[in-house]
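Listed below, chain by chain, are the residues.
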Amino acid sequence: MTETRPATRADIPEFPATRPESCPFDPDSAFTRLRAEDPVTPVRCPAGMDAWLVSRYEDIRAVLADPRVSARAATSNHMLPDYDDADPLPGAILSHDGEEHARLRRLLIGEFTVRRMEALRPYIQRITDEHIDGMLKGADADLLTDFALPIPSLVICEMLGVPYADRDMFQHDSQVLIGFEADMATREATAQRLRDYLRELIEQRMVEPRDDLVSRLIARGNETDRPLIMEELEILALSLLVAGHETTANTIVLSMSALLANPEQLAAMRAAPETIGTAVEELLRYLSVVQFGIFRYATEDLTVGGIDVKAGEWLIAATQSGNRDEQVYPHADRLDVTRKDRTHLAFGFGAHQCIGQQLARIELQVALTALLQRVPGLRLAEPQAPSDFKHNGIVYGLRSMPVTW
């Protein structure tokens with residue numbers, strides 16, 4: 001089947017990135033129509049290029065699993081107005097393909113096994129309880145800054161060996177890197193500042209190894225025929241530090257916001273705490289915090305959903321749409337914490353599926369269970385407005401979430 005190439009179309013619509021006012025948790029309403037009528041369609045991206053937007057669940061999985069589709073642009077660079085399509089940096093695990101990606105992933109995968117992550121559960125429980133104790137000393141709190149952000153930040157700092165005392169710096173810089181508001185020069189300077197900070201830590205671990213991920217990563221690389229160079233270590237550590245707290249923190253506050261907006265679902269979770277695993281999977285599906293999908297590049301000709309895609313063309317695997325596909329999830333726009341399904345696309349799919357997904361699951365399970373059990377009267381201190389939500393960044397979330405009880 002031959003289709004008109006995106007670059008020759010004069011009527012290409014803009015990438016759908018507007019959420020309906022009726023529900024801040026729903027993706028752009030255009031995806032409902034696209035899944036039904038035009039599931040692989042050209043769109044114009046804020047970065048300036050045209051791309052094939054893939055909106056159905058099965059097609060998205062096919063794209064993300066296809067070795068002819070490259071991750072060179074990482075996750076959401078189609079949303080950056082000044083994206084320049086530079087070659088991936090050494091160590092940029094989200095952007096490399098094939099053997100180079102496999103090499104980096106092999107060095108990290110042992111740090112994120114289910115067994116190792118479960119061993120962290122008591123520590124996560126302890127710091128969660130400590131932060132709730134702190135909240136309960138008062139009558140109100142900001143659920144983001146007083147609870148949701150500190151927990152994953154402490155965990156990733158513990159894993160990497162990064163001093164938690166430096167959290168203000170790396171949390172601020174992480175916001176710049178995952179947002180779309182700063183220009184490329186500011187983003188590059190911010191990334192370099194974080195890299196310089198992490199290089200000092202890496203140099204220390206090279207001389208005096210400790211029981212942390214950075215030390216083990218250095219040692220593991222040295223045992224191979226191609227040890228990790230400093231630039232690779234910097235980029236790997238930066239990626240883990242940023243991704244290790246931003247997505248989980250935002251999922252925690254969005255989950256509580258969604259549950260407060262759906263009190264019958266909150267009541268169901270509180271009545272059956274043993275089903276927290278099922279509820280977390282549903283919240284991950286429903287919220288899809290990586291809100292603009294996954295950007296990809298065709299290295300060879302391929303066919304997606306009956307549409308011919310040529311080598312050199314861009315694709316967007318709209319995971320936020322796939323997670324609402326009615327053919328896979330009945331009543332997909334409804335939050336149903338009893339829905340038994342772990343096939344969602346919140347962590348991506350294929351070779352680049354999120355390496356830290358088991359850690360995120362445990363952090364969410366512990367944090368949400370503790371809030372439901374220990375703060376039963378939790379409620380919003382003030383109504384949420386559209387401006388409270390972060391629309392202009394890779395990760396969807398809230399700028400703050402004032403609560404009381």
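See the structure printed just above.
Being a predicted model, the structure only gives us computed values, none of them experimental.

**Points about unusual backbone geometry**
Most peptide bonds take the trans form, and the phi angle of most residues other than glycine is negative.
Part 1 of the argument: A positive phi angle, near 45°, is found at Ser 288, a position not held by glycine.
Part 2 of the argument: Position of Ser 288 among the secondary structure elements: in the loop between helix H13 (276-287) and strand S5 (294-298).
Part 3 of the argument: For Ser 288, a relative accessible area of 6% translates into the label buried.
Part 4 of the argument: We note that His 331 has phi near 50°; this positive angle belongs to a residue other than glycine.
Part 5 of the argument: Of note, His 331 is situated in the loop between helix H14 (319-322) and helix H15 (357-374).
Part 6 of the argument: Of the residues examined, His 331 reaches a relative accessible area of 54% and is grouped as exposed.

**Overview of the layout of surface pockets**
Part 1 of the argument: The space that makes up the second largest pocket amounts to roughly 280 Å³.
Part 2 of the argument: Pro 20, Glu 21, Pro 24, Pro 386 and Phe 389 are, among the 19 residues lining the second largest pocket, the residues nearest its centre.
Part 3 of the argument: Here the residues of the lining of the second largest pocket are counted per class, giving twelve nonpolar, five polar and two charged.

**Overview of the packing of helix H11 (residues 230-261) against H13**
Part 1 of the argument: Where H11 contacts H13, the axes come no closer than 10 Å and their chain directions differ by 95°. Between H11 and H13, the angle falls in the class roughly perpendicular. In this structure, H11 uses Thr 251, Leu 254, Ser 255, Ala 258 and Leu 259 to contact H13, whose residues at the interface are Leu 283, Leu 284, Tyr 286 and Leu 287.
Part 2 of the argument: Residues belonging to the contact of H11 with H13 are distributed by class as follows: seven nonpolar, two polar and no charged.

**A look at the side chain of Gln 365**
Part 1 of the argument: Considering the arrangement of structural elements, one finds Gln 365 in helix H15.
Part 2 of the argument: Relative accessible area serves as the criterion here: at 14%, Gln 365 is assigned to the buried category.
Part 3 of the argument: Within polar-contact distance, the side chain of Gln 365 engages the side chain of Arg 121 at 3.0 Å.
Part 4 of the argument: Look past the residues within four positions of Gln 365 in its chain and what remains in contact with it is Arg 121, Ile 276, Gly 277 and Val 280.

**Section: the packing of helix H5 (residues 121-136) against H15**
Part 1 of the argument: Running from N to C, H5 and H15 point in directions that differ by 35°, and their axes come no closer than 10 Å. Pair H5 / H15 crosses with right-handed handedness. Touching Arg 121, Ile 124, Gln 125, Thr 128, Asp 129, Ile 132, Asp 133 and Leu 136 of H5 are Leu 359, Ile 362, Glu 363, Gln 365, Val 366, Ala 367, Ala 370, Leu 371 and Arg 374, all from H15.
Part 2 of the argument: Its residues placed into classes, the contact of H5 with H15 shows nine nonpolar, three polar and five charged.

**Structural notes on a negative patch on the surface**
Part 1 of the argument: Residues Asp 82, Asp 84, Asp 183 and Glu 188 make up a contiguous surface patch of negative charge.
Part 2 of the argument: Residue class for Asp 82 comes out partly exposed when judged on its relative accessible area of 31%.

**Digging into the sheet that holds strand S2 (residues 50-54)**
Part 1 of the argument: Taken together, five strands build an open sheet; the order of strands is S1-S2-S8-S5-S3 and the sheet is mixed. Looking along the sheet, the strands with just one partner apiece sit at the ends: strand S1 (40-44) and strand S3 (69-70).
Part 2 of the argument: Bridge analysis of S5 against strand S8 (residues 314-317) gives four bridges, and the strand direction is antiparallel. The residue bridging Arg 296 from the neighbouring strand is Leu 315, located in S8.
Part 3 of the argument: The sheet strands contacting helix H2 (residues 57-65) are S1, S2, S3, S5 and S8, and the helix crosses S8 at an angle near 125°.

**Let's talk about the sheet that holds strand S9 (residues 379-380)**
Part 1 of the argument: Pairing in this open sheet of three strands is antiparallel, and the strands run S4-S12-S9 from one edge to the other. The open sheet terminates on both sides in strands that have one partner only, identified here as strand S4 (140-142) and S9.
Part 2 of the argument: Of the strand pairs in this sheet, S9 and strand S12 (residues 402-404) are connected by two bridges, and their pairing is antiparallel. Looking at the pairing, Arg 379 lines up with Thr 404 of S12.

Conventions used here
- Residues numbered from 1 in each chain as written.
- Predicted model: local features only at pLDDT ≥ 70, side-chain atom pairs only at ≥ 80, totals over all residues.
- Heavy atoms only, no water.
- Helix = DSSP H or I, 4+ residues; strand = E, 2+ residues; numbered from the N terminus.
- Buried < 20%, exposed > 50% of the residue type's maximum accessible area, 1.4 Å probe, protein only.
- 1 Å grid on protein atoms, 1.4 Å probe; cavity = no way out; pocket = protein on both sides within 12 Å on 5 of 7 lines; lining within 4 Å.
- Points joined across faces, edges and corners; volume = space filled by probe spheres on them.
- Nonpolar A, V, L, I, M, F, W, Y, C, P; charged D, E, K, R; others polar.
- Axes fitted to C-alpha atoms, helices over the stretch in contact; angles between N-to-C directions.
- Parallel < 35°, antiparallel > 145°, perpendicular 65-115°, else oblique.
- Contact = heavy atoms within 4.5 Å.
- Polar contact = N/O pair within 3.5 Å; in protein donor to acceptor, adjacent residues only side chain to side chain.
- Left-handed = near helix turned anticlockwise from the far one by under 90°.
- Patch = residues over 30% accessible without salt bridge, like charges linked within 9 Å, V, L, I, M, F, W, Y side chains within 5 Å.
- Areas by Shrake-Rupley, 256 points an atom, 1.4 Å probe, with all protein chains shown as cover.
- Salt bridge = Lys/Arg side-chain N within 4 Å of Asp/Glu carboxyl O.
- Lys, Arg positive; Asp, Glu negative; His and termini not counted.
- Charge placed at Lys NZ, Arg CZ, Asp CG, Glu CD.
- Pairing = 2+ DSSP bridges.

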